[in-house]
Amino acid sequence: WILFESTPVPLRAFCWTEPTGNTPKAIQSSFNSSSWNLSGHKSFITMGDMAEELVIIANTPDGTPKLKAALVNPTATGVVRQQLTRKIPFVPEVPHTALQFDNVKVSTILDGDGYTEYVKPFRSVEDYHIAAAVIGYHLRVARENSWPPEIVEQLIGMVSLIQGVHASLNDGDINSMQHWSTITGMHALMVQMYKSTGELWDTIGDKEELARWKRDQAFLQVAGKARHARRDQARQWAGLEVSPKL
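About the criteria used
- Residues numbered from 1 in each chain as written.
- Predicted model: local features only at pLDDT ≥ 70, side-chain atom pairs only at ≥ 80, totals over all residues.
- Heavy atoms only, no water.
- Helix = DSSP H or I, 4+ residues; strand = E, 2+ residues; numbered from the N terminus.
- Buried < 20%, exposed > 50% of the residue type's maximum accessible area, 1.4 Å probe, protein only.
- Contact = heavy atoms within 4.5 Å.
- Areas by Shrake-Rupley, 256 points an atom, 1.4 Å probe, with all protein chains shown as cover.
- Core = buried A, V, L, I, M, F, W, Y, C linked by side-chain atoms within 4.5 Å.
- Axes fitted to C-alpha atoms, helices over the stretch in contact; angles between N-to-C directions.
- Left-handed = near helix turned anticlockwise from the far one by under 90°.
- Expected span 1.5 Å × (residues − 1).
- Phe/Tyr/Trp six-rings, centres within 6.5 Å; stacked < 30°, edge-to-face > 60°.

**A closer look at the overall build of the protein chain**
Okay, so step 1: Broken down by element type, the protein chain carries 6 helices and 8 strands.
Okay, so step 2: In the protein chain, the order of α-helices and β-strands from amino to carboxyl end is β-β-β-β-β-β-β-β-α-α-α-α-α-α.
Okay, so step 3: For the protein chain, the spread of C-alpha atoms along the three principal axes comes to 65 × 45 × 40 Å.
Okay, so step 4: Buried residues in the protein chain amount to 40% of all 246 residues.
Okay, so step 5: Long-range contacts, defined here as pairs at least 24 residues apart, represent 69% of the contacts in the protein chain between residues at least 6 apart.
Okay, so step 6: Looking at the protein chain as shown, the accessible area adds up to about 13900 Å², and 54% of this sits on carbon and sulfur atoms.

Printed below as a string of structure tokens:
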């Protein structure tokens, strides 16, 4: 599943978060009214240094709050890469960067609403891909360290769940309550699995790998507020009790 089709597909970085936040009201980057050139600042871009093309979400030039998505060449005049001033405490191997745009000519303005048709689907697909990577990683560690067969079987079952979800992504609306409910259930299964394997991790022979896993566990809490909001909406749709806000 991809947000839009292009052949061949370049390596793209999704640029959403700004210094003022990552909600629609927080976005201050905008296209100008005469040429739709882009100006603004994106503050947290995963793999931004490696991208061959940037997907930028910014405000439309007519003053309405509607957001649009655009493709931008990272080498275009007016694009300035900036080093992050804060250190990321987990998965430091994955680079992040910030970008400044000063009247940058965009390659393409993409069809549809930037938030509902790009940001929201991206968050859901991101959750699926992170889950696939982490579950697959756990399965390798479990097999290499002879964890109990029941644990390995559960992990294989979760891999199959991810494969089934991936196959269905093109068959329905990624923003649907059904997909959000699936993400909620998948995340709950992962949390349960992590709790049940905590003591097993302490028995693995590769202590460097153990240290990396303990360092990187916080990664699973990224975007937790948005995920919990989707969970509560999905629970309402399913007629389930919604957790009280803390």
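**Let's talk about the nonpolar core**
Okay, so step 1: Counting residues in hydrophobic clusters, the biggest one holds 27 residues, and the most contacted among them are Ile135, Trp147, Leu155 and Trp201.
Okay, so step 2: When residues of this core are traced back to their parent elements, those giving at least two are α1 (115-144), α2 (149-168), α3 (177-196), α4 (198-201) and α5 (207-216).
Okay, so step 3: No other element matches α1, which puts 8 residues into this core.
Okay, so step 4: Setting aside anything within four residues of it in sequence, one finds Trp147 in contact with Val141, Ala142, Val152, Thr197, Leu200, Trp201, Thr203 and Ile204.

**A few points about unusual backbone geometry**
Okay, so step 1: One non-glycine residue, Trp36, lies in the positive phi region at around 65°.
Okay, so step 2: You can see Trp36 is positioned in the loop between β2 (30-31) and β3 (38-46).
Okay, so step 3: Relative accessible area serves as the criterion here: at 29%, Trp36 is assigned to the partly exposed category.

**Some points on the side chain of Ser124**
Okay, so step 1: Tracing the backbone through its elements, the reader meets Ser124 in helix α1.
Okay, so step 2: A relative accessible area of 0% means that Ser124 is categorised as buried.

**Observations regarding the packing of α3 against helix α6 (residues 224-238)**
Okay, so step 1: Axis separation between α3 and α6 bottoms out at 8 Å; the angle between their running directions is 115°. Read as a crossing pair, α3 and α6 show a hand that is left-handed. Judged by residue contacts, Met177, Gln178, Trp180, Ser181, Thr184 and His187 of α3 engage Arg227, Arg230, Arg231, Gln233, Ala234 and Trp237 from α6.

**Describing α6**
Okay, so step 1: Between its first and last C-alpha atoms α6 spans 21 Å; for 15 residues at 1.5 Å apiece the expected length is 21 Å, and the two agree.
Okay, so step 2: The set of residues buried in α6 consists of Gly224, Arg227, Arg230, Arg231, Asp232 and Ala234.
Okay, so step 3: Buried residues in α6 make contact with α1 and α3.
Okay, so step 4: Within two residues after α6, Gly239 carries a phi angle of roughly 75°, on the positive side.

**Regarding the packing of aromatic side chains**
Okay, so step 1: Tallied over the entire structure, the rule returns 8 aromatic pairs.
Okay, so step 2: Ring geometry for Trp147 and Trp201: centres 5.8 Å apart, planes at 80°, overall edge-to-face. On the criterion of sequence distance, the pair formed by Trp147 in the loop between α1 and α2 and Trp201 in helix α4 is long-range, its members being 54 residues apart. The pair formed by Trp147 and Trp201 is uniform in burial state, with each residue classed as buried.
Okay, so step 3: Among the aromatic side chains, those forming a connected cluster through ring pairs are Tyr137, Trp147, Tyr194, Trp201 and Trp213.

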